[in-house]
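Okay, here's what each chain looks like letter by letter:
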Amino acid sequence: QTSDIPDIEMREDESQRNVVDLTDYFADWYVAGMNLAYSVEFCSNYSHVRPVIEGRNISIELPTKDWYGTETVRVNCSDGEFNATSRNITVNVSSVNDPPIIAPLERLDVFEGNTTIFNITPFLADIDTPVENLTVKADSPNCTMSGQNLTLLYTVGDVDERIPFHVSNGEF
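Presented here is a report on the structure given in the accompanying data block. (Residues numbered from 1 in each chain as written. Predicted model: local features only at pLDDT ≥ 70, side-chain atom pairs only at ≥ 80, totals over all residues. Heavy atoms only, no water.)

To continue, consider the pattern of salt bridges. Applying the stated criterion across every chain, the model contains eight salt bridges. For Arg17, the salt bridge goes to Glu54, with nearest N and O atoms at 3.1 Å. Placement of the pair is Arg17 in strand S2 (residues 16-21) and Glu54 in strand S4 (residues 50-54), with a sequence separation of 37 residues. For Arg17, a relative accessible area of 61% translates into the label exposed. (Salt bridge = Lys/Arg side-chain N within 4 Å of Asp/Glu carboxyl O. Helix = DSSP H or I, 4+ residues; strand = E, 2+ residues; numbered from the N terminus. Buried < 20%, exposed > 50% of the residue type's maximum accessible area, 1.4 Å probe, protein only.)

Here the focus is the sheet that holds strand S3 (residues 37-43). With respect to topology, four strands assemble into an open sheet ordered S1-S7-S6-S3, the strand pairing being mixed. Each edge of the open sheet is held by one strand with a lone partner, namely strand S1 (8-11) and S3. Across this sheet, the average inter-strand angle for adjacent strands is 30°, counted without regard to direction. (Pairing = 2+ DSSP bridges. Axes fitted to C-alpha atoms, helices over the stretch in contact; angles between N-to-C directions.)

A word on the sheet that holds strand S9 (residues 115-119). Read from one edge of the open sheet, three strands run S9-S13-S12, paired in antiparallel fashion. Only two strands of the sheet have a single neighbouring strand rather than two, namely S9 and strand S12 (143-146). Averaged over all pairs of adjacent strands, the angle between strand axes in this sheet comes to 20°, irrespective of strand direction. In the sheet, S9 pairs with strand S13 (residues 149-153) via five bridges, with the strands oriented antiparallel. Paired with Ile117 across the strands is Thr151, a residue of S13.

Another aspect to go through is the packing of aromatic side chains. Centre-to-centre distance and the angle between the planes together describe a pair of aromatic rings. Counting across every chain of the model gives two aromatic pairs. Taking the centre distance of 5.9 Å and the plane angle of 55° together, the rings of Phe26 and Tyr38 count as tilted. Here the residue Phe26 occupies a position in the loop between S2 and S3, and Tyr38 occupies one in strand S3, the gap between them amounting to 12 residues. Note on Phe26: relative accessible area 3%, which makes it buried. You can call Tyr38 buried: its relative accessible area is 11%. (Phe/Tyr/Trp six-rings, centres within 6.5 Å; stacked < 30°, edge-to-face > 60°.)

For S1 and strand S7 (residues 84-94), the ladder comprises four bridges, and the chain directions are parallel. Each bridged residue has a counterpart across the sheet, and for Ile8 the counterpart in S7 is Val91. As paired elements, strand S6 (residues 69-78) and S7 share 10 bridges and run antiparallel to each other. Along S7, the bridge assignment pairs Val75 with Arg87. Here S6 hands over to S7 after five residues, with Gly80 in that stretch at a positive phi of 85°.

To continue, consider the nonpolar core. A general tendency of soluble globular proteins is for nonpolar side chains to be buried together. In this structure, Leu22, Phe26, Val49, Ile58, Ile60 and Val91 are the most contacted members of the largest nonpolar core, which totals 21 residues. For this core, the secondary structure elements donating two or more residues are S1, S3, strand S5 (57-61), S6 and S7. Ile120, Val131, Leu152 and Ile163 belong to the second largest nonpolar core, which has 14 residues in total. (Core = buried A, V, L, I, M, F, W, Y, C linked by side-chain atoms within 4.5 Å.)

Structural data, given as structure tokens:
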């Protein structure tokens, strides 16, 4: 006797242990539930979803960073003698908005009284948002940001400054 296994809902990059107790969905009138053997018969893409049977439970690992989508897993249950049956499980992995990053900028040498413009686009990254849609703010009275162009103007002699940047994709 079997019953349908509900879909498993997950978020990208978050594996789940013991997400389903298989004895809730497989039964054999002649064999105690603890004596049934479970195995993964099929997975539509092991690089996205890695099902692991641990005793009577199934855990789901997500080996590919930032992957989201839907995959199917088929679990087989056997009484070790005559009967075996299988059930499909749909694993739905939802996207998570990852924060943008900014790599360290190279050292810039600028001259007093001269305006220097530096495009920081090559130093920006976001897996979920096109780089041109990111907002960048620089925390210094000696610079302004226009889009992804950093404009520097120092009016006082020698200054050695580290400028903190804040990058946003609208959520982070």
